[in-house]
Amino acid sequence: MATIWNWKSEKIVLRSKAFSQEVYRITFSLENEEQLTSSGTGHIKFWKMVETFTGLKLQGQLGRFGKTALTDIVGYVELPDGKVISGSEWGNMLLWDGGLIKVELSRKDGKPCHQGSINQCVLDEGELITIGSDGSVRVWDFETIDTAESYDEDSIVEMEPMNELTVGRNVNLQSMVKFKDSNLIWCAQDSNGRIWKLDLSFSNITQDPECLFSFHTGVIQAMDLSPLTYLMATTALDCTVRIFDFVRNEELVSVKYRQGGTALTWGPLVRYPDGNIIVVGFHDGVIRVLEIYNPQDLARVAGRTQVGEAEIRLKQALKPHTEDVTAIAYDRNGDILATGSKDNTVFFFQYWDQYVPVGFIRVPGPVVSLEWSPHSFERNTLLIFCENGYVVQVACPDLEELDTTLTFEIPLQKQYYHFKSIRSSIERNYELDRINRIKEEKEKEKQERLKKKKELQAQNAEFTTDEEEEEEEEEEVEPEVELPKIYIPPQPSPILCGFYSKPDTFWLSVGDYDCGFLYHCKFSDNHKISEDISKSEEEPFAFIAIEDAAETPIRKMKFNSEKDLLFCGMEDGAVRIYSIKAHDYKLKSMQGFWSLNVHDNDYGHINQICISHDEQFLLTCGADSNIFAFCIFPQEEIDELVSRKRAVVPFPRMGFARDKLANDIDDPNAYSLENAKQKAESDLILKLAEEKKAKKRMELDKLQNDFKELQNKNAELPEHVQLQKEDFEINKRIQEEIDRQITERIEFVYKEMAWEQEKYLIGLQKLQARFRNAVEYDTVIVHCFESDHKVSTYRVTSFSDKYHQMKMDALRRSQLQVEVKSKDNLFKESKGAGIDMTTDQDMEVDLLAGSQQPVSKMNIGIRHAERLHNLISQTDKAKAKIEQRKKEWTELYLSQPDDNYEDPNDVQAIKDAQEHMGDFKLKTAPDYTVPEHLRINAEKKRNQLIRLEELIHELKSEMSEKVISLRNIKLDIIEQITNLTKELVLIQIKLDPSQHLPIPVVPSMYPDEMPEKKFQYDQEKLLEFRSENLLSKTHTKQFEQVIETEKISGISNATSESSNHPIEGNAVKPAVYETADQSKLEEEIKMIEEKTNLYMQTEILRKIKSEECFQQQEGKKRDIVKLQEKEKALYATFQISLGENNRHADFLTKVFKKKIRRRKKSEAKISTESDDESEEESDEEFGYSEEEDESDSDDGGVDDTACPETCDPLLFDNTLQLREKRLDIEEALTEEKKTLELIKKEYDMIAKKVKVIEGTVKTAKNDLEVLQRQKQQKLNELFVVVPLKLHQIEYIVNGDMPSDLVSGLVFTNLALTSLQRRIKELHVEKTEQRELYKQARQKHVHLLQDKAEMEAEIAELEEKCYQEMIRKFGRVVDLEALQTLSVNMTLEELQEKIDINNSKFHRKITHREEKIAELQNELIHYTRQYTCRLDQLNMMMTEKEKTETELNIQQKKMGAEIQKQKVKLMEKREQIQLVEKQAQEIKDLQDEISLLTRKGGHILPPAQPPLPQ
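Analysis parameters
Residues numbered from 1 in each chain as written. Predicted model: local features only at pLDDT ≥ 70, side-chain atom pairs only at ≥ 80, totals over all residues. Heavy atoms only, no water. Helix = DSSP H or I, 4+ residues; strand = E, 2+ residues; numbered from the N terminus. Contact = heavy atoms within 4.5 Å. Areas by Shrake-Rupley, 256 points an atom, 1.4 Å probe, with all protein chains shown as cover. Pairing = 2+ DSSP bridges. Axes fitted to C-alpha atoms, helices over the stretch in contact; angles between N-to-C directions. Expected span 1.5 Å × (residues − 1). Salt bridge = Lys/Arg side-chain N within 4 Å of Asp/Glu carboxyl O. Core = buried A, V, L, I, M, F, W, Y, C linked by side-chain atoms within 4.5 Å. Buried < 20%, exposed > 50% of the residue type's maximum accessible area, 1.4 Å probe, protein only. Patch = residues over 30% accessible without salt bridge, like charges linked within 9 Å, V, L, I, M, F, W, Y side chains within 5 Å. Lys, Arg positive; Asp, Glu negative; His and termini not counted. Charge placed at Lys NZ, Arg CZ, Asp CG, Glu CD. pLDDT = per-residue confidence, 0-100. Phe/Tyr/Trp six-rings, centres within 6.5 Å; stacked < 30°, edge-to-face > 60°.

Asks: Tell me what's going on with the overall build of the protein chain, and back it up with residues and numbers.
Replies: Of regular secondary structure, the protein chain possesses 27 helices and 50 strands. Contacts in the protein chain between residues at least 24 apart in sequence constitute 56% of all its contacts with a sequence separation of at least 6. Surface summary for the protein chain: the accessible area is close to 106000 Å², and the carbon and sulfur share equals 53%.

Written out as structure tokens, the structure is:
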């Protein structure tokens, strides 16, 4: 909320909602008080105060970051011209102008202005000073920043600071102000609790930064006072422990640790008479015993000169807890130290020479405070206050009965009290008492009223009872008041503090809902060691209402030594002092109080309140990082007391210098006492288990060695005696059990990793949705095979939400317009929209094409052809429009107007007459009205933006699609070459190495050609990423376990497969046969196979070569097409440069087309040492041949060395330059054509060789086929003996086995059974096919019948159509031709000629207008000369009038009074006329309004009064 105050009158001027999140700063502009600027979390806002008829208003404009990332803005400064410079989280500066980021500023090489956020910007004497969280102060040139411009939205302006000052490490500067006495000395605030003095003179005598003051950062967590002197110890989350002399207001010593402090207490005098020990609890659960001493005597002995008044030394460090230590308390004898923590434990220590851990107990909630019973109690007990509403009481532990060998947790008898809310009951009882009091008062009033009535009746006899009855009827029945309901909050109110009143009885202060009371509670016997303490709640038996504290609880309470003063620290930062009677445990005397608000009301609740040892001082510390000290004496005694008092630091004890330094606990992850004991116990158990495992492993190793020896012996035995692998398996179920356990382990690990898998999967999906799903085409760069040419796609993203929103808004607005307007108005607006569409299209063309030259004849022809095409396409839609016209006619008859209807044509004609007849107005006239079709509004421009964005997206997508297709073609080519290379390798394996030909190199894809592979991953990549980025050892073990199980399962599967299948490598290796004599047939076969392999090798190389030639040929063709297009474009440029009706057009054309001799570029670089060579060699160096020289002679000897006098020299030079470009293009084109011819010849030669080889191979294949057939015939003549046993033969004929088996055929039973089964299946299939055939025949008959009926119906309709045509047209006509509007080509050609002539006449008119403009300029020149002379004449006339005026002054004085009266009369008449004229206009407007209200149509404008002459 932004609030503007009038601070003098202490009133709010206005208030406005600033932002939904936190606001850090809001300031007025120094130059303009009506402008404000505010910043905060993720925003910056620019305000203006506007004076309206209802008062001041605040108008805010939120700064739009655009493509810049959203950032929190802490520091900013307003510039004199209204711009604003702000910081950012990443350290760069942002220059805001008009609510937008004009430019982002950084240092050179992409370095940020500050390493971290910029917290303040100051404009001082033309320089910009910035301070940041990196502890640096930098000075920048303001003019460079103010004039910075960025020509790209993504670009950043880089600059270096003029000067800079680094204050120091671990410094976070927040704000800075200048000292009054000096312009160069500044005072800076550090968020780490320090104030710095900075010298920003940046000269040779600049002083180093000086720390003026240091204090705690953030909330002060704990504070305690020395029981012997005026020392104060404090700690906070800034990891420091500080000792102060609070009387002198000086810090004596400060020590910093790794973790922040959370609790602190001073050792009691019973245990430490010198008062030199404090115990501090920290955020990581560590407690440190610190010793305070005066080092001056030790410094004299050690020879130290610079020492402070006090130092702190670590005496002992322990870690009893795992979370924050929240409370530390000594028992009444000082022997037992208790510490409480947020980990729901209370730990006890006993002091001997050092603190020895006794044990700990668990409590139901986080510990808030600890309170030991006083000396007056019989038992020594500890009262534990928990944050969640529990109070626990335990007795002091007895050391003799405790056993802490296995764990420090000790069994102490506990008493629980669970606080139950009674505030709603208290308020209900208050309300009941109030209602009862009201009823009693009303009853008393009623009795008194009745008494008075009786007295009146006795005095006045005429007083009738009717009046009494009327009064009783008038009395209303009182409504029943609804009492407050009993409410118990679902979450128990937190306990803030408490103290003992009597044994087992205590007072509580509670926060949240139950605040505003002190509750008196008591432990009951049935709450001792309860199994379910969460269900046992008990209400306090008494309470005290705290005055003026219904919503402000008491945070801390402290009694003085006499127990007659109670000091209370409140939630709102106030300190209250209650005066009570001594030993008043029920606090009945707690009535009046003194109160003083010292700490911050909102976030300054009091964390600790302490009283000095002599009860003369009261100190409080709060969450606002402040400490206040109060003197309890009267004001007049304070100065004298403070001047005499001084803190005394304890001197070192005997043997202090000889003590060893204690070991500190710096690691925040160190084990606590209990965890260390449990870890030692578990390590012992693990050690015993590992020893047992080692023994078992040794036994297993021995058994494995024995098993290997048995296997070796088994391998040495003969093969028929050896045992197989299966024989060694004692039980197959063992292997099955192992496999089952492995599977279960894998499934278990998968279940454990399921949550993380789903988490990372969702994260991946979110990243893809954020960065990848919106990308339609990524950046793909396709490279050529043998050159450096490459082409890239655009990175095309899908349409933004802003585009869709704009399009939806446009559609919604158009729909609303259609719904509101009538059909006739829609017809008229459709015409206007058509005009607007054309204008929008023209504007779109202008935007895309830019400024172009006059259109040539070729463009005119293209436009004409497009117009014809549009005309033909419109005629194709004529047939569909017939039905539309029928509907329109029907709607037209239904929408017949009434008698009062006005013809739209008449209304339009009247409107046209008003706009164009008799009342023409200039555009500069004040009453000029822009016509509807010429008006430009935001809607039209928005539609143009939508169309432009669609067109850009379409063009980018088309380009990217072409590049992607080109990449796919490259992939196909590489795949073909790879396959051919593989075939070649296989063939060369079969050939002799001497016959091998070199294998061509297979081209590969570049990484930027396949960017999608970056997002493809496999198991190896995931394992590599996992090994680099693992966060915990447990995840590593689980992941490795999964991989090991997968490997084990994979190895087992591989071994099973290898046992079932032979090794494939044996099949690949060529078989080695014994050398033997080969037959002639085998030699022929070998020769044929060798020839075949050689052919296949040559064929594959030919394919690769032909593929390369083909690609080169295609590339050269594309290059030639590009050069031809460049040549056409060059000719078009030359024609445009000539313009229309150029009298030197023929001469310049001949110069442009003239072919001159030029040296080739490759030879032009060589020095001119070959001047004496022959004429033939010199002729060969030129770019054209003799034929070209002859063609040059046909030009008529055009002299291109000098420009004609009447020709424009610039045009002539431009023609020569274009000619040079033309010659370059023609030379390149000639070279490309020659190269293409060479490639074609090479390709044809390869094709001829291929045909010859193919014929030879075909013949060789035929011979090989014949040879193979002959070989098979020879093999068929061989007899093969197959030994069979009788039980394998089943050959029965007519039930008996024949004696001759010659006619038998060897066939398996399984195959015979399958054949017999197949016969049955064929019978079934035959039956099904017959049934299908029958159904198809029936369906065919039905279809024939339907066809005959449809043909008859069609014939009937055709006859009917024929009769209608005869009746209407008298002959048969083609309806489609009738509907189509034919195009008269002759007429169109004439129209095209007319357009060409019009363009020529337009150019002539333009030329004439230019001449007219020149003449007008001359006219203006002469007019200016004459104007100067007229001015001189005017000056002379003015001097003449002045002289005449001086002569006539006397005459005018006489008639001045009369003239004034005449002027007044004239002014009065003019005002009367003006009032009458306005009255008449008002009357006309009222008539017009009434007429429009009644009729709702168009009317003529009122008659305009004549213009004043």
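Asks: So what about the sheet that holds strand 3 (residues 23-28)? Which residues, and what values?
Replies: Sheet architecture is open: four strands sit in the order 3-4-5-6, paired in antiparallel fashion. Only two strands of the sheet have a single partner each, and these edge strands are strand 3 and strand 6 (55-62). Ignoring which end each strand starts from, the neighbouring axes of this sheet average 25 degrees apart. In this sheet, strand 4 (residues 35-40) lies alongside strand 3 in antiparallel orientation, the contact comprising five bridges. Its bridge partner lying in strand 4, Thr27 is registered against Thr37.

Asks: So what about helix 24 (residues 1309-1369)? Which residues, and what values?
Replies: With 61 residues, helix 24 extends 85 Å from end C-alpha to end C-alpha; this agrees with the ideal 90 Å at 1.5 Å per step. Downstream of helix 24 by a residue or two, Gly1370 has a phi angle that is positive, lying close to 85 degrees.

Asks: Lay out the sheet that holds strand 35 (residues 414-418) with the relevant residues and their values.
Replies: Sheets are built from strands paired through backbone hydrogen bonds, the pairs being either parallel or antiparallel. Taking strand neighbours across the sheet as the criterion, the four strands line up as 32-33-34-35 in an open arrangement whose pairing is antiparallel. The sheet is open, and its two edges are formed by strand 32 (367-372) and strand 35, each paired on a single side. Across this sheet, the average inter-strand angle for adjacent strands is 20 degrees, counted without regard to direction. Examined bridge by bridge, strand 33 (residues 381-386) and strand 34 (residues 390-395) share five bridges and lie antiparallel to one another. Counted as the bridge partner of Leu382 is Val394 from strand 34.

Asks: Please give an account of the pattern of salt bridges that cites residues and values.
Replies: What the rule picks out here adds up to 37 salt bridges. Of the charged contacts in the structure, one is a salt bridge between Arg248 and Asp245, with a shortest N-O distance of 2.5 Å. Three or more residues joined by partner-sharing salt bridges are found here, namely Arg107, Asp134, Arg138, Glu160 and Glu164.

Asks: Provide a residue-level description of the side chain of Asp245, including the pertinent values.
Replies: Here Asp245 shows up in strand 22 (residues 240-245). Apart from the residues within four sequence positions on either side, Asp245 is in contact with Tyr230, Glu250, Leu252, Arg646 and Ala647.

Asks: Quick rundown of unusual backbone geometry? Include the residues and the values.
Replies: Located in the positive-phi region is Glu125, a residue other than glycine, with phi close to 55 degrees. Phi at Asp548 takes a positive value of approximately 55 degrees, unusual for a residue other than glycine. Tracing the chain through its elements places Asp548 in the loop between strand 39 (542-545) and strand 40 (554-559).

Asks: Which residues make up the nonpolar core, and what values go with them?
Replies: One finds Val241, Ile243, Phe246, Ile278 and Leu290 to be the most contacted residues of the largest nonpolar core, which totals 38 residues. When residues of this core are assigned to their parent elements, the largest contribution, four residues, is made by strand 20 (residues 220-225). The residues touching Leu290, leaving out its near neighbours within four places in the chain, are Val241, Tyr257, Asn276, Ile277, Ile278, Val280, Ile312, Arg313 and Leu314. One finds Ile384, Cys386, Ile410 and Leu412 within the second-largest nonpolar core, a separate group that totals 21 residues.

Asks: Break down a positive patch on the surface for me, with residues and values.
Replies: On the surface, Lys502, Lys522, Lys586 and Lys588 cluster together to form a positively charged patch. The residue Lys502 is located in strand 36 (residues 495-502) in this model. The partly exposed category is assigned to Lys502, whose relative accessible area is 44%.

Asks: Which residues make up the confidence of the model for the protein chain, and what are the values?
Replies: Summary statistics for the protein chain give a mean pLDDT of 78 and a share of 78% for residues scoring 70 or more. Under a pLDDT of 50 for its full length, residues 1032-1076 has, in the predicted model, 23 contacts with residues more than four places off or in other chains. A low-confidence stretch, residues 1162-1196 stays under pLDDT 50, and its non-local contacts, those more than four residues away or across chains, total 24 contacts.

Asks: Break down the environment of Ala657 for me, with residues and values.
Replies: Tracing the chain through its elements places Ala657 in the loop between helix 5 (635-644) and helix 6 (673-716). For Ala657, a relative accessible area of 63% gives the class exposed. For the pair Ala657 and Leu298, spaced 359 residues apart in sequence, the C-alpha separation works out to 8.0 Å.

Asks: Give me the lowdown on the packing of aromatic side chains, citing residues and values where you can.
Replies: A complete count under the given rule lists 28 aromatic pairs for this structure. With a centroid separation of 5.1 Å and 80 degrees between ring planes, the pair formed by Phe499 and Phe559 is classed as edge-to-face. Taken together, the positions of Phe499 in strand 36 and Phe559 in strand 40 put the pair 60 residues apart, joining distant regions of the chain. For Phe499, a relative accessible area of 11% corresponds to the buried category.

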